[in-house]
Amino acid sequence: MSNARGAAPELKSRATAAKVRSKVTTGVRVPPSEDSKRRILLRSVARQVIFYGALLAIWALVVEAKIWSPYLLPSPKGVAIALWDGFKDHSFWIGIAVTMKRMLIGYSLSVVLGMIIGLGVGSSKFLEETLGGLLVSLQSLPSICWIPLAVLWFGLTEKAILFVVLMGSLLSVTIAMEDGRKQMPKIYGMAGRNLGARGFRLFWHVLLPASLPYIVSGLKQGWAFGWRSLIQAEMIFLSLGLGQLLMMGRDLNDMSQVIAVMLLIIVIGFVVDGLVFRTVERRLQNKWGLSPVS
Amino acid sequence: MNWNANSLSMRSMPVDERLPSRGSARHKNVANVLPLRSSTSDIPKLRLEDVTLSYKTETDQRLLALDRINLNIRKGEFLCIVGPSGCGKSTLLHLIAGLHQVTSGSIFVDEKPVSEPGTDRILIFQEHGLFPWLTVGENVEFGMKMKGLSKSERTERIAHYLRLVHLLQFKDSRPHQLSGGMRQRVALARALATEPDVLLMDEPFAALDAQTRDLLHDELERIWSETGCTIAFVTHNVREAVRLGDRIVLLTFRPGQVKQDFEITLPRPRHIEETDVARTAREVLDCLRDEINKSLEAEYANVER
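Note that the structure is predicted; figures quoted are calculated from it, not measured.

Thresholds applied
- Residues numbered from 1 in each chain as written.
- Chains lettered and ligands numbered in written order.
- Predicted model: local features only at pLDDT ≥ 70, side-chain atom pairs only at ≥ 80, totals over all residues.
- Buried ≥ 20, exposed ≤ 12 C-beta atoms within 10 Å, placed from the backbone.
- Helix = DSSP H or I, 4+ residues; strand = E, 2+ residues; numbered from the N terminus.
- Pairing = 2+ DSSP bridges.
- Contact = placed C-beta atoms within 7 Å.
- Nonpolar A, V, L, I, M, F, W, Y, C, P; charged D, E, K, R; others polar.
- Core = buried A, V, L, I, M, F, W, Y, C linked by C-beta atoms within 7 Å.
- Domains from an automatic or database assignment.
- Expected span 1.5 Å × (residues − 1).
- Arc of directions from axis to C-beta.

Chemist: Honestly, the pairing of strand β4 (residues 78–82) of chain B in this entry has me stumped. Any pointers?
Modeler: Successive side chains on a regular strand alternate, one facing one side of the sheet and the next facing the other. Residues and elements named next belong to chain B. With 5 of its 5 residues buried, β4 lies for the most part within the structure. Here β4 shows no split at all, with F78, C80 and V82 on one side and L79 and I81 on the other all buried. Here 5 bridges tie β4 to strand β9 (residues 230–235), and the two strands are oriented parallel to one another. Of the residues in β9, the one forming a bridge with V82 is T235. Bridge analysis of β4 against strand β10 (residues 247–251) gives 4 bridges, and the strand direction is parallel. For C80, the partnering residue across the bridge sits in β10 and is I248.

Structure below.
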């Protein structure tokens, strides 16, 4: 099937509308048959299983070949045991919980702040030329560079870590909001004002939803940057969390634990990005009738 | 020029006050049926006084878009505003809607000056005016929600106005699932649901195919006579204007000025293919020709430069 528009029946009149009504209400897109959909999914899963299986096998073979000693390159089995032990003694659970909590707080802060700054920058020529330029240039600074200042300002507290996360994701969110505000078709704002929406209600009921498709990718990028910043900060700034678990593995010369924690970081990042953000994006596109990027 | 006295009367400004020819049956002598002056509806619903708009172009020149527009629209009147592209006719509607500010002059609704958007004047855009993140029903609900109507009243009115445009069964669909004509009917229902005094329509049917447009003309005429609202309808299609309007105002090419004011007294319901409509349209078009030529010249000049 091509995209939604191509498949949409153009209803010409009420008379024909009645005839094709059933088609419209059940969804205009003529979906691929369940069977062929399942086959496509199955094939894709099979490919991935084979790929990761092969990767594991190569890893195991290299370890078996004993080119490097086990403390340089741990075996898959060693990593699996490290994972098992980590979860069994709860240290991984605690690490994940602590890290996720920081991430959620820092990210929420940056979304709220980014919205405010982004909309300000997006709606004022003066702010765009001044603050907007500064924000773009600041984006080239890895947020971990803020750590010395953050520790100085906030001490060795949660606040210092949150500050680094905030600086990591704030800029992406801000720039995304600004872009969304600019790219959003002006007609929605006009229609909203025309129908009596003002001030905050105009923002909340019209401008925000209208710019959502344009800002979701920025929110996603903000999450990714924030996540990296957090792990980096935790590795330097020892206080529980996944970053610290990784550094503990290093201090104990336990590369199995290092790799186990790396896997955890990858999996969490992937799950949030792939499941949460992708789902939101897809929902949005379906709702709006934009053709999904598949 | 030889005006058809029955269907068309040219008048000088200011506009004389007549009752709308609403519901006038197929009388040959329409002018005789209309009371010529009414003591009750002398106050215009909408009054534009020396409305002028100029703006800065990219090259920092001031461009005069609208020049001292004076216009009265009677209560319940169906006024069509016609002009060549670039005469600022859409801009004029945006000014009335309060979406832009006039450079000078004033706009009055019921003799009260307006400068801000208000739900007493609802604008229907050419296309894409519906909110894609809301369902059809929620779109219709939007203006009422902003007005602060109760949930039960909103639900009732959603059903009422969607039924009026024959789209009740699509209440839970998304705008993108509908055809262009259906979408404009939703936009109409959304506008009507706030129960505005004045409907401003900015080439609402320009993007539709001819059959759909014909159907929507009928529906709009029916809804207009059922609700009794005042309509200012902008179009570049003269025949459409003659088909729908009680009165047609011609605007000149940049700067937009009122050039001519026609009273259309053809009996309703009219049809766009009727010879009377075609003949009247031809007369209006003759008057518009100069302006169209000016607009084309300006366009070609831009291309060649």
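Chemist: Quick question: what am I supposed to make of the interface of chain B and chain A here?
Modeler: Interface extent is often summarised as the accessible area lost during association of the parts. Taken residue by residue, the interface counts 28 residues in chain B and 25 residues in chain A. When residues of the side of chain B that touches chain A are traced back to their parent elements, those giving at least two are β7 (121–124), α3 (136–147) and α6 (210–227) of chain B. A total of 4 residues in the side of chain B that touches chain A trace back to one element, the largest contributor, which is α3 of chain B. Here the side of chain B that touches chain A is built from residues that sort into 13 nonpolar, 13 polar and 2 charged.

Chemist: What is the right way to read the nonpolar core from this model?
Modeler: Taken as a class, soluble globular proteins show a tendency for nonpolar side chains to be buried jointly. Residues and elements named next belong to chain B. The biggest cluster of nonpolar side chains holds 88 residues, and the ones touching the most others in it are I81, A189, L200, A232, F233 and I248. Considering every element that reaches this core, the biggest residue donor is helix α5 (residues 180–193), with 8 residues. Two domains each put at least three residues into this core: domain 1 (8–45 + 72–98 + 113–120 + 198–304) and domain 2 (131–195). Here A189 is in contact with V140, Y161, L162, L164, V165 and L167, once residues within four sequence places are set aside.

Chemist: Just checking my understanding: could you explain helix α4 (residues 151–164) of chain B for this structure?
Modeler: Side chains three or four residues apart in an α-helix point the same way, a direct result of the helix having 3.6 residues per turn. Residues and elements named next belong to chain B. Counted at 1.5 Å a residue, the expected span for α4 with its 14 residues is 20 Å, and the 20 Å between its end C-alpha atoms agrees. R154, R157, I158, Y161 and L162 are the residues of α4 that are buried. On an axial view of α4, the arc spanned by its buried residues comes to 125°, and they lie on one face. Facing away from the buried side of α4 by over 90 degrees, the exposed positions are S152, E153 and E156. For α4, the secondary structure elements touched by its buried residues are α3 and α5. Phi turns positive, to about 60°, at H166, one or two residues after α4.

Chemist: Even after reading the chapter, I still don't get the environment of R68 of chain B, so can you show me in this structure?
Modeler: Residues and elements named next belong to chain B. When you line up the elements, R68 lands in strand β3 (residues 62–73). Each C-alpha atom, one on R68 and one on P255, is 9.4 Å from the other, the two residues being 187 residues apart in sequence. Every residue in contact with R68, bar those within four places of it in the chain, is listed here: D50, T52, G105 and Q257.

Chemist: What is the right way to read unusual backbone geometry from this model?
Modeler: Most peptide bonds take the trans form, and the phi angle of most residues other than glycine is negative. Residues and elements named next belong to chain B. The phi dihedral of D110 is positive, around 50°, even though this residue is not glycine. Positionally, D110 belongs in the loop between β5 (104–109) and β6 (112–113). The exposure class of D110 is partly exposed, given the 14 C-beta atoms found within 10 Å. Look at H166: it is not a glycine, yet its phi comes out positive at around 60°.

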